[in-house]
Amino acid sequence: MAVPMVKEKQVASILLENPYYGLRKPKAQLRSSLHHVSDLFVMGACLIMESQVLLKWAQKEGFGPLCCHGISMGGHMASLAASAWPGPIGLVPCLSWTSGSVTFCQGVMSKAINWKLLEEQFTKTREYKTDVWDLVDSPEFDAEKRYLNRHSKREDHSQPASPLTSSIPLLSHLARNTTVQAPNPEALHFMRGLMDECTHLGNYSTPVDTELVEIVLAEYDAYQPRQGVMPLQQLWPGARTRTIGEGHIRSYLLNQHVFRTAIYDVLERMVSKYPGDAV
């Protein structure tokens, strides 16, 4: 992405390597397989802080307009970075969505989760229920911390909502489509709530100018499903979207020109709307 953007539009890039990735990966960690759920939250917090430092440096050095961009989990991390920036900033999250909860509890990544271990830890450590759960909050909760499937395209109102399994048709999906034992409903509910608490963009500030947000989606994205969670356009009114008629992997491999075009369009809008920020 970075080299073509320099050649096509003279757009420079700062490449921030995620904590737990590349040279920042713990020695005992296999590739990108995190050891702990909490590692994901530490990663997000570090990236928010580090991105603010880099953006401030770029601004001080006279670079601009500035735009945050990433693909897949990188797109979500870019959204977190932009939400923390105190002024107008471009944002182009690609192949990402509102919360990491549906990624790990509903998408194909759910098959890679060691649900048995998480269930054992949840069952044995009573503090998860007595202390941690009281601190968990999700924009998707009702007053009793239930998921009511408000953002699913197909809802069945004939059955009362269960406080544990009412998020999305997750349990039956996992039971049908994976050889891994389907997770305990209570542990799954806790996992999704915890993921929403730390990754749901509704728990973070809205970017200062949502008209500078261009979301690039894959129409058939099994890695980053969009059902069962608040649409990002609803959370950030004014944000624009463009959709690639492919799945997650093919969109990444074959359609990076769409990502770059979205970045160029956002930068042009920034120059037009905030000419003082352009070099």
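Structure's up top.
1. What to know about the pairing of strand E2 (residues 90–94)
Counting buried positions along E2 yields five of five residues, so the element is predominantly enclosed. Residue alternation in E2 divides its side chains into two sets, Gly90, Val92 and Cys94 and Leu91 and Pro93, and both sets are buried. The pairing of strand E1 (residues 67–71) with E2 spans five bridges and is parallel. What sits directly across from Cys67, in E2, is Gly90. In this fold, E1 hands off to helix H3 (residues 73–84), which returns the chain to E2; that crossover is right-handed.

2. Side note on the side chain of Glu140
Relative to the helices and strands, Glu140 resides in the loop between helix H6 (127–135) and helix H7 (170–177). A distance of 2.8 Å separates a polar atom in the side chain of Glu140 from a polar atom in the side chain of His200.

3. Brief notes about the environment of Gly247
Position of Gly247 among the secondary structure elements: in strand E4 (residues 240–247). Between the C-alpha atoms of Gly247 and Glu219, which are 28 residues apart in sequence, the distance is 6.3 Å. Ignoring anything within four residues of it in the chain, the contact list for Gly247 reads Ala218 and Tyr220.

4. Concerning the nonpolar core
Side chains of a nonpolar character, in soluble globular proteins, are inclined to be buried together. Among the nonpolar cores identified, the biggest contains 45 residues, and Cys68, Ile89, Leu91, Ile215, Leu232 and Trp236 are the most heavily contacted of them. When residues of this core are traced back to their parent elements, those giving at least two are helix H2 (37–60), H3, helix H4 (101–105), helix H5 (115–124), helix H8 (185–199), strand E3 (214–220) and helix H9 (232–235). Examining the composition of this core, we find that seven residues originate from one element, H2, more than from any other. Apart from residues lying up to four places away in sequence, Ile215 is in contact with Pro93, Trp97, Leu232, Ala239, Arg240, Thr241 and Arg242. Among the nonpolar cores identified, the runner-up in size contains 17 residues, and Leu95, Ile244, Leu267 and Met270 belong to it.

Analysis parameters
Residues numbered from 1 in each chain as written. Predicted model: local features only at pLDDT ≥ 70, side-chain atom pairs only at ≥ 80, totals over all residues. Heavy atoms only, no water. Buried < 20%, exposed > 50% of the residue type's maximum accessible area, 1.4 Å probe, protein only. Helix = DSSP H or I, 4+ residues; strand = E, 2+ residues; numbered from the N terminus. Pairing = 2+ DSSP bridges. Right-handed = clockwise from strand over helix to strand, strands pointing away. Polar contact = N/O pair within 3.5 Å; in protein donor to acceptor, adjacent residues only side chain to side chain. Contact = heavy atoms within 4.5 Å. Core = buried A, V, L, I, M, F, W, Y, C linked by side-chain atoms within 4.5 Å.

Taken by themselves, the reported measurements are silent on function.
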